[in-house]
Amino acid sequence: MEAIVYEEFGGPEVLRQVRVEDVHAGPGQIRVAVRAAGVNPVDHKIRNGWMEAAFPTPLPATPGVEFAGVVDETGAGVTEFAVGDEVLGRSATGAYAEYVLADVGVVARKPEVLGWAEAAALPLATATAVRVLDELEVSEGETLLLHGASGAVGSAAVQLAVARGATVVGTASPANHDYLRVLGAVPVAYGEGLVKRVREAAPQGVDAVFDVVGKGALADSVELRGGTADRIATISDPDAAHFGVAFSAGGGNSPDEGRRLGGYAQAASVGGLRIPVERTFPLREAARAQELSEAGHVRGKLVLLPGEH
Ligand SMILES: NC(=O)c1ccc[n+]([C@@H]2O[C@H](COP(=O)([O-])OP(=O)(O)OC[C@H]3O[C@@H](n4cnc5c(N)ncnc54)[C@H](OP(=O)(O)O)[C@@H]3O)[C@@H](O)[C@H]2O)c1
């Protein structure tokens, strides 16, 4: 099968499209013909070798942690899915490829009307957003400050927090403020003067802070929480411990992830949840897609389409 592979850590130039051995579904797994693969910041972080201390990656490696596609092989004991089913989920092997393996517990059926790219944009962003909103115990009537509200995880978190009845103050550059209003957030520009702007936007105070982007907003966050790191979480800032802030890492799959993902896919299919796909690329342009992702200003998600030439 065709796949994007890198044999050494480094910049986007280490990515090559090559033929590799076909993968086959093990027990409890399905093999999926990939129609769309989400591009995530973690892909370039792993490729650069920055994640080696936490998650060592054996080389050669294929990037990609989420997909949408068609089941074309089922492993022993799989009763939940059959060949021909249209699905989306998190992958056990690199999703920048023609075929991917996935554990059935983190896969859901794709509603027919949901596009391939829009489906591939959902799994990581929704799983991460709901995990952190649960950890922060964000609930009805509360105010959540969200740093990095216009990326994929941020977009999901705005909508899921608003659905819980929370008020969301979301940071982004002014070019994304109308977008955030449409999602249901009160937009605020990031950078110098943030504390003052958030106080003006949320005179009632901030009950919890979700730092998605990890670009130096933790000191301001502690100040806005009245000097405590309680109910502040980051998924990206390496300085979390310095501020006494909880770092929320992914990893273990939640036992009902596939069921939840099915619910988000249904919601997305009727316009009730939206992770916009900023741009799609054919598989051979994976390096260009990662370059744009690494630049850090994608609205929603970038997606690779392995079937497109
Ligand atoms: N620990 C975990 O479990 C986990 C899971 C998933 C993702 N992550 C991490 O979470 C981060 C977010 O990922 P993502 O896919 O949502 O998107 P992303 O590509 O990192 O975010 C893009 C968005 O960030 C905004 N942005 C850039 N600089 C900003 C700043 N200083 N303040 C506020 N917003 C800023 C941009 O808005 P503008 O264009 O308006 O600047 C853009 O819309 C990544 O670092 C990723 O690796 C961690």
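Residues numbered from 1 in each chain as written. Predicted model: local features only at pLDDT ≥ 70, side-chain atom pairs only at ≥ 80, totals over all residues. Heavy atoms only, no water.

*Asks:* Run through the overall build of the protein chain, naming residues and quoting values.
*Replies:* Summing up its helical and strand segments, the protein chain has nine helices and 15 strands in all. A globule of 309 residues ought to have a C-alpha radius of gyration of about 19 Å, and the protein chain, at 19 Å, matches this closely. Expressed along its principal axes, the backbone C-alpha trace of the protein chain runs to roughly 55 × 40 × 30 Å. Restricting to contacts in the protein chain with at least 6 residues of sequence separation, those with at least 24 account for 66%. The distance from the centre of the 26 positive side-chain charges to the centre of the 40 negative ones in the protein chain is 4 Å. (Helix = DSSP H or I, 4+ residues; strand = E, 2+ residues; numbered from the N terminus. Rg over C-alpha atoms; globule rule 2.2 N^0.38 Å. Contact = heavy atoms within 4.5 Å. Lys, Arg positive; Asp, Glu negative; His and termini not counted. Charge placed at Lys NZ, Arg CZ, Asp CG, Glu CD.)

*Asks:* Let's hear about the nonpolar core: which residues, and what values?
*Replies:* Ranked by size, the top nonpolar core spans 47 residues in total, and within it Leu-88, Leu-122, Leu-136, Leu-144, Leu-146 and Phe-210 carry the most contacts. At the level of secondary structure, the elements contributing two or more residues to this core comprise helix 2 (116-120), helix 3 (123-136), strand 8 (143-147), helix 4 (152-163), helix 5 (177-183), strand 11 (208-211), helix 8 (257-269) and strand 15 (301-305). Here this core takes seven residues from helix 4, the largest share from any one element. The residues contacting Phe-210, other than those within four sequence positions of it, are Ala-129, Val-132, Leu-133, Leu-136, Leu-144, Leu-145, Leu-146, His-147, Val-153, Ala-157, Ala-233 and Ile-235. Core analysis: the next-biggest nonpolar cluster, separate from the first, contains 28 residues, Val-32, Phe-67, Phe-281 and Val-298 among them. (Core = buried A, V, L, I, M, F, W, Y, C linked by side-chain atoms within 4.5 Å. Buried < 20%, exposed > 50% of the residue type's maximum accessible area, 1.4 Å probe, protein only.)

*Asks:* Quick rundown of the sheet that holds strand 13 (residues 246-247)? Include the residues and the values.
*Replies:* Spatial ordering of the open sheet is given by 10-9-8-11-12-13, a layout of six strands whose pairing is parallel. The two strands at the open ends of the sheet, each matched to only one other strand, are strand 10 (186-188) and strand 13. With two bridges connecting them, strand 12 (residues 232-234) and strand 13 associate as parallel partners. Following the sheet pairing, Thr-234 is matched in strand 13 by Phe-247. Sheet contacts for helix 4: strand 8, strand 9 (167-171) and strand 11; angle to strand 8, the most-contacted strand, approximately 175°. Where helix 6 (residues 194-201) meets the sheet, it contacts strand 8, strand 9 and strand 10, and its direction lies at approximately 160° from that of strand 10. (Pairing = 2+ DSSP bridges. Axes fitted to C-alpha atoms, helices over the stretch in contact; angles between N-to-C directions.)

*Asks:* Any chance you could break down helix 9 (residues 286-295) for me, citing the residues and the numbers?
*Replies:* For helix 9, every residue scored as buried is listed here: Ala-286, Ala-289, Gln-290 and Ser-293. One side of helix 9 carries all its buried residues, which in axial view fall inside an arc of 95°. For helix 9, the secondary structure elements touched by its buried residues are strand 1 (2-5), strand 3 (29-39), helix 1 (41-47), strand 14 (277-282) and strand 15. Just downstream of helix 9 lies Gly-296, where phi reads positive at about 85°. (Arc of directions from axis to C-beta.)

*Asks:* I'd like a description of the site of the ligand, backed by residues and values.
*Replies:* In the vicinity of the ligand lie 27 residues, with Lys-45, Ser-150, Ser-173, Tyr-190 and His-297 positioned nearest. The contact in question runs from an oxygen atom of the ligand to an N or O atom on the side chain of Arg-131, over 2.9 Å. One of the backbone N or O atoms of Gly-151 is found 3.5 Å from an oxygen atom in the ligand. Protein contact buries 89% of the 930 Å² of open area that the ligand shows by itself. Looking at the shell around the ligand, its residues break down into twelve nonpolar, twelve polar and three charged. (Near = heavy atom within 4 Å. Polar contact = N/O pair within 3.5 Å; in protein donor to acceptor, adjacent residues only side chain to side chain. Areas by Shrake-Rupley, 256 points an atom, 1.4 Å probe, with all protein chains shown as cover. Nonpolar A, V, L, I, M, F, W, Y, C, P; charged D, E, K, R; others polar.)

*Asks:* Go over the packing of aromatic side chains with me, naming the residues and quoting the values.
*Replies:* Counted by the stated rule, this structure contains one aromatic pair. One cation-aromatic arrangement involves Arg-31 over Tyr-99; the distance from NZ or CZ to the ring centre is 4.6 Å. (Phe/Tyr/Trp six-rings, centres within 6.5 Å; stacked < 30°, edge-to-face > 60°. Lys NZ or Arg CZ within 6 Å of the ring centre and 35° of its normal.)

*Asks:* Help me get a handle on the environment of Val-158, residues and values and all.
*Replies:* Here Val-158 shows up in helix 4. Since its relative accessible area comes to 0%, Val-158 is described here as buried. Along the chain, Val-158 and Val-169 lie eleven residues apart, while their C-alpha atoms are 8.6 Å from each other.

*Asks:* Run through the pattern of salt bridges, naming residues and quoting values.
*Replies:* Scanning all chains against the criterion turns up 19 salt bridges. Glu-200 is the partner of Lys-196 in a salt bridge, and the nearest nitrogen-oxygen pair spans 3.2 Å. On the criterion of helical spacing, the pair formed by Lys-196 and Glu-200 is a turn pair, its members being four residues apart in helix 6. Take Lys-196 and Glu-200: they sit in the same class, and that class is exposed. The network of salt bridges with shared partners includes Asp-134, Arg-164, Asp-256, Arg-259 and Arg-260. (Salt bridge = Lys/Arg side-chain N within 4 Å of Asp/Glu carboxyl O.)

*Asks:* Could you give an account of the pairing of strand 11, naming the residues involved and the relevant values?
*Replies:* Residues of strand 11 alternate between two faces, with Ala-208 and Phe-210 on one and Val-209 and Asp-211 on the opposite face, all of them buried. Sheet analysis places strand 8 next to strand 11, joined by four bridges and oriented parallel. Across the sheet, residue Leu-144 finds its bridge partner in strand 11, namely Ala-208. Taking the sense of rotation as the criterion, the β-α-β connection linking strand 11, helix 7 (residues 218-224) and strand 12 turns out right-handed. (Right-handed = clockwise from strand over helix to strand, strands pointing away.)

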